[in-house]
Amino acid sequence: MILNMSSNQGIVTGTSHWMSGVERLLVFRPHASNKLFKKIGWLRTDFPDNRNEQGGILIGYYIKNAEGIPVQAEVIDILIAKTESRFPGYIEWSAMEGIMLQRQFFEIKEKLEASNPSLKDEVAIIGWWHTHPNGLPVFMSGTDKETQREKFFKPEHYSVVINPHRGIWRAFAGRDAVEVPAIMLLGNESDNMRRTSSNKAQKKKKGNKNKKKANHSKKSKKRK
């Protein structure tokens, strides 16, 4: 299932849209979505940890055009930061915590070396995420924009702001934090992979069927 929570778009289901050509589209893979929702207590008012701002890092890879320029990105995992000051409307983590997040990132790359070597070199820190809890709107505050300009200033760097209580979120990109389209894939990672494989298998089966028909037609002509 694909869940699109953009403020100006509705819910989209199916798998035919998430690899579309939409510029700067940000896609959360199921593992990242599930981990994020669990951490922030999505749509829960009885979850103590989500009453103050939470945040962390987005791990993923870029989909590039023919010139090698990133045009879309996929989030495959999230890192959760231990913050120094936590109260509604503000988040900060120390330089030491930043080093710890970097270590966690390299651990993810090491695991990929065994499970998916081709993806290991492509995986990068593609941005950051944080929450605006309670009744706060989802937007890039002045402090958020300053963080974006200082640490995530490249055009392909993303920022995701989430309100777990109101069930809304938005994504932004680049130095100026321009809003971009974003979707989240829910469910099991393997389910989405099986669905993709199934679609390919059906196409292959259909192609073989058409090939058999063509061969049968040729044989019929020879008999005549």
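Right above here is the structure, for reference.
Just so it is clear, the model here is predicted, and its values are computed rather than measured. (Residues numbered from 1 in each chain as written. Predicted model: local features only at pLDDT ≥ 70, side-chain atom pairs only at ≥ 80, totals over all residues. Heavy atoms only, no water.)

Draft legend 1. Spotlight on the pairing of strand β3 (residues 55-64). Burial within β3 is extensive, with eight of its 10 residues counted as buried. Pairing between β3 and strand β7 (residues 124-131): six bridges, direction antiparallel. Across the sheet, residue Ile-57 finds its bridge partner in β7, namely Trp-128. As paired strands, β3 and strand β4 (residues 70-80) are joined by nine bridges and run antiparallel to one another. When the sheet's bridge partners are listed, Tyr-61 is paired in β4 with Glu-74. The antiparallel pairing of β3 with β4 creates a hairpin that spans five residues between the two strands, and Gly-68 there sits at a positive phi of about 85°. (Buried < 20%, exposed > 50% of the residue type's maximum accessible area, 1.4 Å probe, protein only. Helix = DSSP H or I, 4+ residues; strand = E, 2+ residues; numbered from the N terminus. Pairing = 2+ DSSP bridges.)

Draft legend 2. Expanded view of a nonpolar patch on the surface. A grouping of Met-96, Ile-99 and Met-100 is seen on the molecular surface, where their side chains present a nonpolar patch of about 280 Å² in accessible area. Relative to the helices and strands, Ile-99 resides in helix α2 (residues 95-115). (Patch = residues over 30% accessible without salt bridge, like charges linked within 9 Å, V, L, I, M, F, W, Y side chains within 5 Å. Areas by Shrake-Rupley, 256 points an atom, 1.4 Å probe, with all protein chains shown as cover. Salt bridge = Lys/Arg side-chain N within 4 Å of Asp/Glu carboxyl O.)

Draft legend 3. Representation of the side chain of Ser-159 within the structure. Residue placement: Ser-159 occurs in strand β8 (residues 158-163). A relative accessible area of 0% means that Ser-159 is categorised as buried. Once residues lying within four places of it in the same chain are set aside, the contact partners of Ser-159 are Trp-128, His-130, Met-140, Gln-148, Arg-170, Ala-171 and Phe-172. (Contact = heavy atoms within 4.5 Å.)

Draft legend 4. Fine view of the pattern of salt bridges. The final tally for this structure, using the stated rule, is five salt bridges. Its salt-bridge partner being Asp-77, residue Lys-35 comes within 3.1 Å of it at the nearest N-O pair. With a gap of 42 residues between them, Lys-35 in helix α1 (residues 30-40) and Asp-77 in strand β4 connect regions that are remote in the sequence. A relative accessible area of 11% places Asp-77 in the buried class. Between Asp-121 and Lys-120 there is a salt bridge; the shortest N-O distance is 3.7 Å.

Draft legend 5. Main features of the nonpolar core. Formed by 23 residues in total, the largest nonpolar core has its most connected members in Leu-26, Phe-28, Leu-58, Val-160 and Trp-169. Of all the secondary structure elements, the ones that give two or more residues to this core are β2 (26-28), α1, β3, β4, β7, β8, β9 (168-173) and β11 (182-185). In terms of residues, this core owes the most to one element, α1, which gives four residues. Leaving out residues up to four positions away in the same chain, Leu-26 has contacts with Ala-73, Val-75, Ile-126, Tyr-158, Val-160, Ala-171, Pro-181, Ala-182 and Ile-183. (Core = buried A, V, L, I, M, F, W, Y, C linked by side-chain atoms within 4.5 Å.)

Draft legend 6. Focus on the pairing of β7. Summarising burial for β7: six of the eight residues are buried, a large majority. Strand direction decides the pairing type here: β7 and β8, joined by five bridges, are parallel. Considered in β8, the bridge of Trp-128 is made with Ser-159. Regarding the hand of the β-α-β motif, the stretch spanning β7, helix α4 (residues 142-151) and β8 is right-handed. (Right-handed = clockwise from strand over helix to strand, strands pointing away.)

Draft legend 7. How the structure looks around α1. Buried residues of α1: Pro-30, Ala-32, Ser-33, Leu-36, Phe-37 and Ile-40, and no others. On an axial view of α1, the arc spanned by its buried residues comes to 165°, and they lie on one face. Two residues or fewer after α1 comes Gly-41, characterised by a positive phi angle close to 65°. (Arc of directions from axis to C-beta.)

Draft legend 8. Molecular detail of the packing of aromatic side chains. Summed over all chains, the structure comprises four aromatic pairs. With a centroid separation of 5.8 Å and an interplanar angle of 80°, the aromatic rings of Phe-28 and Trp-169 are classed as edge-to-face. Placement of Phe-28 in strand β2 and of Trp-169 in strand β9 is noted, with a sequence separation of 141 residues between them. For the residue pair Phe-28 and Trp-169, the accessibility class agrees, reading buried in each case. Ring geometry for Phe-105 versus Phe-106: centroids 5.2 Å apart, planes at 50°, classification tilted. Overall, the relative accessible area of 7% leaves Phe-105 in the buried class. (Phe/Tyr/Trp six-rings, centres within 6.5 Å; stacked < 30°, edge-to-face > 60°.)

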